[in-house]
Amino acid sequence: MVTLREEPVDAPGARELLAEYFAMRAATFPGHAYTTVFPHASVFQPPRGVFVVVRDDQDQSVGCGGIRRIDDGALGPRYEVKHLYLRPQNRGRGWGRVLLEDLEHRAIAFGARELVLDTHHTLEAAGRLYVAAGFEAVDPYNDNPNATRWYAKALEADQTG
């Protein structure tokens, strides 16, 4: 069983997960030229965004991810998925998909009409997850030096409001 909890991105547990993620990317990034930028807490505060920590059945933090508002796109309000990460021993259980779906629902609740993300081609499992979740390849929407692929997904308007 996995649970998802909103946490400030600068809370100790969230920061530990991000540090692991950034260290892993830096160690495996081609040419070891990965640019690490810890996000400012305000970026992931509702309604501009949210940061979520994945917890296992023993209430241990095992992963994280967030969404943040960026400039509107052709479809209207747009949010970006950032820092989707699961510790290696917790991969392959479907928790990444659970987290991505949760972030999508949160974006819709914030009024998003499009969800975007960037990634690197060496993160093959992540790329497969994004495509399986309905994301489509798009032209770059930012100048992230760590990215080689960009994806977008149109969202339905929130039907609960």
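Further up the page is the structure itself.
Conventions and cut-offs
- Residues numbered from 1 in each chain as written.
- Predicted model: local features only at pLDDT ≥ 70, side-chain atom pairs only at ≥ 80, totals over all residues.
- Heavy atoms only, no water.
- Core = buried A, V, L, I, M, F, W, Y, C linked by side-chain atoms within 4.5 Å.
- Buried < 20%, exposed > 50% of the residue type's maximum accessible area, 1.4 Å probe, protein only.
- Helix = DSSP H or I, 4+ residues; strand = E, 2+ residues; numbered from the N terminus.
- Contact = heavy atoms within 4.5 Å.
- Axes fitted to C-alpha atoms, helices over the stretch in contact; angles between N-to-C directions.
- Parallel < 35°, antiparallel > 145°, perpendicular 65-115°, else oblique.
- Left-handed = near helix turned anticlockwise from the far one by under 90°.
- 1 Å grid on protein atoms, 1.4 Å probe; cavity = no way out; pocket = protein on both sides within 12 Å on 5 of 7 lines; lining within 4 Å.
- Points joined across faces, edges and corners; volume = space filled by probe spheres on them.
- Pairing = 2+ DSSP bridges.
- Right-handed = clockwise from strand over helix to strand, strands pointing away.

Draft legend 1. How the structure looks around the nonpolar core. Ranked by size, the top nonpolar core spans 25 residues in total, and within it I67, L100, L115, Y130 and F135 carry the most contacts. Among the secondary structure elements, those contributing two or more residues to this core are β2 (49-55), β3 (61-73), β4 (76-86), α2 (95-109), β5 (114-119) and α3 (124-132). Sorting elements by how many residues they give to this core places α2 first, with 6 residues. In this structure, L18, Y21, F29 and Y34 belong to the second largest nonpolar core, which totals 14 residues.

Draft legend 2. Representation of the side chain of N90. With respect to the helices and strands, the residue N90 is situated in the loop between β4 and α2. When its relative accessible area of 5% is taken as the criterion, N90 is described as buried. Those residues in contact with N90 that lie beyond four places of it in its chain are V62 and W95.

Draft legend 3. Structural context of the packing of α2 against α3. Between α2 and α3, whose axes approach to 11 Å, the crossing angle comes to 50°. The pairing of α2 with α3 is recorded here as oblique in orientation. The two elements α2 and α3 cross, and the hand of that crossing is right-handed. Where α2 abuts α3, its residues G96, R97 and L100 lie against L129, Y130 and A132.

Draft legend 4. Structural context of the environment of L123. Within the secondary structure, L123 is located in the loop between β5 and α3. Classification of L123 by relative accessible area gives partly exposed; the value is 22%.

Draft legend 5. Structural detail: the layout of surface pockets. Put simply, the largest pocket is a space of about 1100 Å³. Lining the largest pocket are 48 residues, and of these Y21, H83, L84, L123 and Y130 sit closest to its centre. Going through the elements one at a time, α1 (12-28), β3, β4, α2, β5 and α3 are the ones with two or more residues in the lining of the largest pocket. Sorting elements by how many residues they give to the lining of the largest pocket places β4 first, with 8 residues.

Draft legend 6. A look at the pairing of β5. The element β5 is extensively covered by neighbouring structure, given that 6 of its 6 residues are classed as buried. Here β4 runs beside β5; their pairing, made up of 3 bridges, is parallel. When the bridges of β5 are listed, Y79 appears paired with L115. In this view, the connection linking β4 to its parallel neighbour β5 by way of α2 has right-handed handedness. Examined bridge by bridge, β5 and strand β7 (residues 149-154) share 6 bridges and lie antiparallel to one another. Paired with L115 across the bridge in β7 is K153.

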